[in-house]
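One-letter residues, chain by chain:
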Amino acid sequence: MKVKVILQADVENLGLAGEKVDVAKGYARNYLLPQGLAVVATDHHRRMVQKHRARLEAIEKARLAGLQTLAAELARQSITIEANANDEGHLYGSIGPVEVANALKRNNFPISPDQVRLKGPLKELGLYTITIHLGHDVDAEVKVWVVPTVAEEGTKENAAENAG
């Protein structure tokens, strides 16, 4: 069963603010309406959206400019992630979107793991260029260095000194 709603905010894979869309009744009732992302499509709401469309477009332009500024700042960033690795440079685990997002959060960038676009988990030491999807065709590329854990190398050297 479908219900018509007017989006109050852009919803990825659904539509842009001000658009009238058909969605499942449960999706509207349980997610879109409580989150304030949409309102039920009535004549009153339709008139209100038309009346405030210019204001909505200005807000959207400001948001898009903010995303582009964030993308430019991210492009200048280079983050380092430490991981346990063997002598050939293969990681004992892997680096995924969660680790990249956490490293960016440590640098005060509010990025969630679902915004990190990896072609697959990172399984070797080295330099990678990773795409961060900020929304609305705004993507940023970040350089990620995967380096061996420093503490591990120190313990190996200490163990060798103690043995000799």
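For the structure, see preceding data.
Here's a quick rundown of the structure. Predicted, not measured: the structure shown is a model, and the values here were computed from it.

Scoring rules and cut-offs
- Residues numbered from 1 in each chain as written.
- Predicted model: local features only at pLDDT ≥ 70, side-chain atom pairs only at ≥ 80, totals over all residues.
- Heavy atoms only, no water.
- Pairing = 2+ DSSP bridges.
- Helix = DSSP H or I, 4+ residues; strand = E, 2+ residues; numbered from the N terminus.
- Axes fitted to C-alpha atoms, helices over the stretch in contact; angles between N-to-C directions.
- Contact = heavy atoms within 4.5 Å.
- Buried < 20%, exposed > 50% of the residue type's maximum accessible area, 1.4 Å probe, protein only.
- Polar contact = N/O pair within 3.5 Å; in protein donor to acceptor, adjacent residues only side chain to side chain.

Observations regarding the sheet that holds strand β2 (residues 20-24)
Ordered in space as β2-β1-β3, the three strands form an open sheet in which the pairing is antiparallel. Two strands close off the open sheet at either side, each with one partner strand: β2 and β3 (38-40). Shown here is a sheet whose adjacent strand axes are inclined to one another by a mean of 45 degrees, direction ignored. Inspection of the sheet shows strand β1 (residues 2-7) paired to β2 by five bridges, in the antiparallel sense. In the strand pairing of β2, valine 3 is matched with valine 23. Sheet strands in contact with helix α1 (residues 25-32) are β1, β2 and β3, and its direction is about 100 degrees off that of β2. Helix α2 (residues 43-51) contacts β1, β2 and β3 of the sheet and is inclined by roughly 25 degrees relative to β1.

Thoughts on the environment of threonine 69
In this structure, threonine 69 sits in helix α3 (residues 53-75). Exposure remark for threonine 69: the relative accessible area of 44% places this residue in the partly exposed category. Placed 44 residues apart in sequence, threonine 69 and lysine 25 show a C-alpha to C-alpha distance of 37 Å.

Brief notes about the side chain of aspartate 10
Examined against the element boundaries, aspartate 10 turns out to sit in the loop between β1 and β2. Looking at aspartate 10, its side chain comes within polar contact range of the main-chain nitrogen of alanine 17, at 2.5 Å. Ignoring any residue separated from it by four or fewer positions in sequence, one finds aspartate 10 in contact with Gly15, Leu16, Ala17, Glu60, Arg63 and His136.

Just geometry here; none of it tells us what the structure is for.
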